[in-house]
Amino acid sequence: MTIELLRLENIYKNFGAVKVLKDINIKINKGEVVALIGDNGAGKSTLIKVITGVHRPTSGKVYFNENEVDIKSVAESRKMGIEAVYQERALCDQQELWRNIFAGREITNAFGFLDIKKQRKEAEKILRDYIGFTSKAITVDSTVMGLSGGEKQGVAFGRSLYFNSDLIVLDEPTMGLSIQETEKVLNFVKGLKQENKSAIFIDHNIIHVYGAADRFIILDRGEVVGEFKKNEITREELVQKMIQLHESGKIKVEA
Amino acid sequence: MNNILNSYFVRTHKLEISITIIAIALFLIYFLGAPHVFTRFPIYRAFMQSMPFFGIIAISATFVVTLGEIDLSFPSIVGITSLTFGMLLTATDGNFFISFILSTSLGMFAGLINGLLVTKIGIPSIVATIGTLFFWRGLVNVISQGSGIAIVDVADGTWHHTLFVEKLFGKIPAQFIWFIVLTALMQWVYRYHKFGNHIHFVGDNKASSQMMGINVDNVKIIAFVQLGFFSALAGIFTMYEMLYFWPTQGEGLMLTTLAAVFVGGTSVFGGRGTIFGTFIGVLIIGSLESGIVALGLSGFYVKFINGLMITVAVSIYAIIQRKKT
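Throughout, residues of each chain are indexed from 1 in the direction in which the sequence is written. To label them, take the chains in the order written and letter them from A, then take the ligands in the order written and number them from 1. Only residues with pLDDT of at least 70 are given local features in this predicted model, and only at 80 or more are side-chain atom pairs given and counted; all residues enter the totals for whole chains, interfaces and linings.

Trainee: Any details on the packing of helix α6 (residues 74–91) of chain B against helix α8 (residues 125–144) of chain B? Residues and values, ideally.
Mentor: The relative placement of two packed helices comes down to the angle between their axes together with the axis-to-axis distance. Residue and element names in this part refer to chain B. A fitted line through C-alpha atoms represents every axis, and for helices the fit uses only the stretch in contact; the resulting angles, taken between N-to-C directions, go from 0 to 180 degrees. Strands here mean DSSP runs of E at least two residues long; helices mean DSSP runs of H or I at least four residues long; both are numbered from the N terminus. At a closest axis distance of 8 Å, the pairing of α6 and α8 adopts a crossing angle of 30°. When the interaxial angle is binned, α6 and α8 end up roughly parallel. When you trace α6 past α8, the crossing you get is left-handed. Here Pro75, Ser76, Ile77, Gly79, Ile80 and Leu83 of α6 lie close against α8, whose contacting residues are Thr132, Leu133, Trp136, Arg137, Leu139, Val140, Ile143 and Ser144. Orientation labels follow simple angle bins: below 35 degrees gives roughly parallel, above 145 gives roughly antiparallel, 65 to 115 gives roughly perpendicular, and whatever is left gives oblique. A clockwise turn of the near helix away from the far one marks a right-handed crossing, whereas an anticlockwise turn of less than a right angle marks a left-handed crossing. For the purpose of contact definition, each residue receives a C-beta atom placed from its backbone, and two residues are in contact when these atoms lie within 7 Å.

Right, dumping it as structure tokens:
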């Protein structure tokens, strides 16, 4: 049983004369983890930024829960239930965790003043319950600066869980992490499926991708050049395909 | 002792504590070096009278500096809005509301132009505001043709004159009370309002803020607009005190105002700052000239010691920050 969550139809994105995305058609089902793979400059980041509302497509249609949507901003995509986890890049170093977790969607009173008590209380809950931080060294008053890569990633994940999103977009979630921290991140991604949540996952490391994803979409120079389900392809074959693509600029899709 | 030094409050308020110690030390020097001046009230009245004119702008400019931006045009915004205020007040025979609303609106409009140049056109703020600095001052010169405007007849003795600069109990200038109230209010906005929160995030990391759903351009534009408003307000305070507009009004404000912000501990790199620090910075920078002269040094030392203060204070902050990372 597959229920569609997100569908992109004929998506184009140009930056001036540069055509970054060309006729992208992809679909993501509920409870499915899809990996976007491809070389630098293939358009992976642009594609997810279209989904999260950072960029608007030049043309094409986006369907979410089978309704056509026009995602104009990050705030709108969040409201729909799409949450991005951009590595540590979506946290601000010098600010405290209780501010970071609610940045852009602060809990405020009618005059726009922050409900500090509530933000701190909820942030505490996220740290302890959702992320499982037990260390006393990290509190809601810690600034992001002092956290390790994995801890930052944890905060970003905890935030996405707390806001109960349907689609979680993971941009290079294992970049710069230790082996142990990487393991945690991959487990988190697998855990999403059990809650019937979907994820889009970008990673350079095919070994990580292969373990965590159900389906692989290969991008090259702005186009989808291949799509495989996990049961259709072994890890070695996937690696082979990527090497082939890198060398010849083409991918051989066997019929 | 060690406990106190490691407490949460001390760890998170190093900048504020350093600047306060510097200020206390400075006033101690004044006090010991020139007791005949500093044990009497008039010097403090003089401080309270003059500090708000640049202090109000310094508090407001702290928002722009925290963004990692700078505004060099505010001296000319003071000029053009004061000119407007003076012209309107005389033309309407003392109609405060019309004069106040139109001149502060012009200040906000000037701020809006700065904000649009920086965000929509994409000019670095230091360059954009050099442009508007000359533009608005040039307009003042063209309109005023170099002559001032006396507002004694339409302002002196009115209720709005009382409201702005009258001395409470014959001692405390009203502008200082306003300055304190505004500082407290702005501190609250800076730390605990959504806008202040966004100022910190955008100044810290523009790209991250955008990804977290903060409208970076709007935050910047509003920051420049409020600085335009407070520049106009500071100009109006000065007008009521002096009862006169002169075409160079505001020109001397640039360095004292920005010095107060930086001496106060707000980081030029953005993302971190303190309104309280700026307030203390205003007390330091605003007292140096009289303090130095009272100590018996010649006026030629003023700039020299000003420079020394800025360099020493900013170096101390740099060292504190370096230890932190």
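Trainee: Let's hear about the pairing of strand β3 (residues 33–37) of chain A: which residues, and what values?
Mentor: Residue and element names in this part refer to chain A. Of all 5 residues making up β3, 5 are buried, and the element is well covered by its neighbours. Two strands are said to pair when DSSP picks up at least two bridges between them. Bridging between β3 and strand β9 (residues 215–220) involves 4 bridges; their strand directions are parallel. The residue of β9 that forms the bridge with alanine 35 is phenylalanine 216. To sort residues by burial, count the other C-beta atoms lying within 10 Å of each one's C-beta; a count of 20 or more means buried, 12 or fewer means exposed, and anything in between means partly exposed. C-beta atoms are built from the backbone.

Trainee: Account for the interface of chain A and chain B, with residues named and values stated.
Mentor: Every contact between the two is made by 25 residues of chain A and, on the other side, 20 residues of chain B. In terms of residue count, the dominant contributor to the side of chain A that touches chain B is helix α2 (residues 74–80) of chain A (3 residues).

Trainee: Can you tell me about the sheet that holds strand β1 (residues 4–15) of chain A, naming the residues and giving the values?
Mentor: Residue and element names in this part refer to chain A. The antiparallel open sheet is built from 4 strands, whose spatial order is β2-β1-β4-β5. The sheet is open, and its two borders are formed by β2 (18–29) and β5 (67–69), each paired with just one other strand. Each strand of the sheet is rotated relative to its neighbour by a mean of 25°, with strand direction disregarded. When β1 meets β2, the two strands line up antiparallel, connected through 8 bridges. The partner of lysine 13 across the bridge, within β2, is leucine 21. Those strands touched by helix α1 (residues 44–51) are β1 and β2, and its axis lies near 60° from that of β2.

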